[in-house]
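Coordinate inspection notes
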Amino acid sequence: QLQASGGGLVQAGGSLRLSCAASGSIFFSGYVVGWFRQAPGKEREFVAAIKWNSRHTTYGDSVKGRFTISRDNAKNTVSLQLNSLKPEDTAVYYCAAGRSIITSSQRIPAQYHYWGQGTQVTVSS
């Protein structure tokens, strides 16, 4: 019910734009939509989240100032703009959605009820 797309191979310093689309019974209104990433052998890491109704955003420390999360109300999608990419950004990126997640809990994967299948981002040095 969540579809992540937009990943690819890019050189360090480059940019990518990821998109998360909802389908079926999920409409993002009232939800928090988040992005997480997981590199091989590492735990899933919080990247960013947006409260759909208020547009309040939260970012992980490693991506602040480089990544931007936004929503498109008409398309019921959430985008993640990745700029100034580094090799350490290489991971599978997942979008997730959950209702009534308070700001202090948005970094916790278990708070999200729906997950997309992931899209691979590879940054070469």
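Description of the structure in this document. (Residues numbered from 1 in each chain as written. Predicted model: local features only at pLDDT ≥ 70, side-chain atom pairs only at ≥ 80, totals over all residues. Heavy atoms only, no water.)

**Description of the side chain of Q81**
Note on placement: Q81 falls in strand 8 (residues 77-82). For Q81, the side chain forms a polar contact with the side chain of N83, separated by 2.9 Å. Discounting residues that sit within four places of it in the chain, Q81 has contacts with S15, L16, R17, R66, F67 and T68. (Helix = DSSP H or I, 4+ residues; strand = E, 2+ residues; numbered from the N terminus. Polar contact = N/O pair within 3.5 Å; in protein donor to acceptor, adjacent residues only side chain to side chain. Contact = heavy atoms within 4.5 Å.)

**Overview of the pairing of strand 5 (residues 45-51)**
Taken across its seven residues, strand 5 has five buried, putting it largely inside the fold. Where strand 4 (residues 31-38) folds back on strand 5, the antiparallel hairpin that results is connected by six residues, among which G41 adopts a positive phi of roughly 80 degrees. Pairing between strand 5 and strand 6 (residues 57-59): three bridges, direction antiparallel. Note on strand 6: the bridge partner recorded for I50 is T57. Once strand 5 ends, the chain turns through five residues before running back antiparallel as strand 6, passing R55 with a positive phi of about 65 degrees. (Buried < 20%, exposed > 50% of the residue type's maximum accessible area, 1.4 Å probe, protein only. Pairing = 2+ DSSP bridges.)

**A few points about the sheet that holds strand 3 (residues 16-22)**
The strand order across the open sheet formed by four strands is 1-3-8-7, and the pairing between neighbours is antiparallel. Sheet topology places strand 1 (2-5) and strand 7 (67-72) at the edges, where each strand pairs with a single neighbour. Each neighbouring strand pair of the sheet contributes to a mean axis angle of 15 degrees, computed without reference to strand direction. Relative to strand 8, strand 7 runs antiparallel, the two being bridged by six bridges. Residue pairing across strands places I69 opposite L80, the latter belonging to strand 8. (Axes fitted to C-alpha atoms, helices over the stretch in contact; angles between N-to-C directions.)

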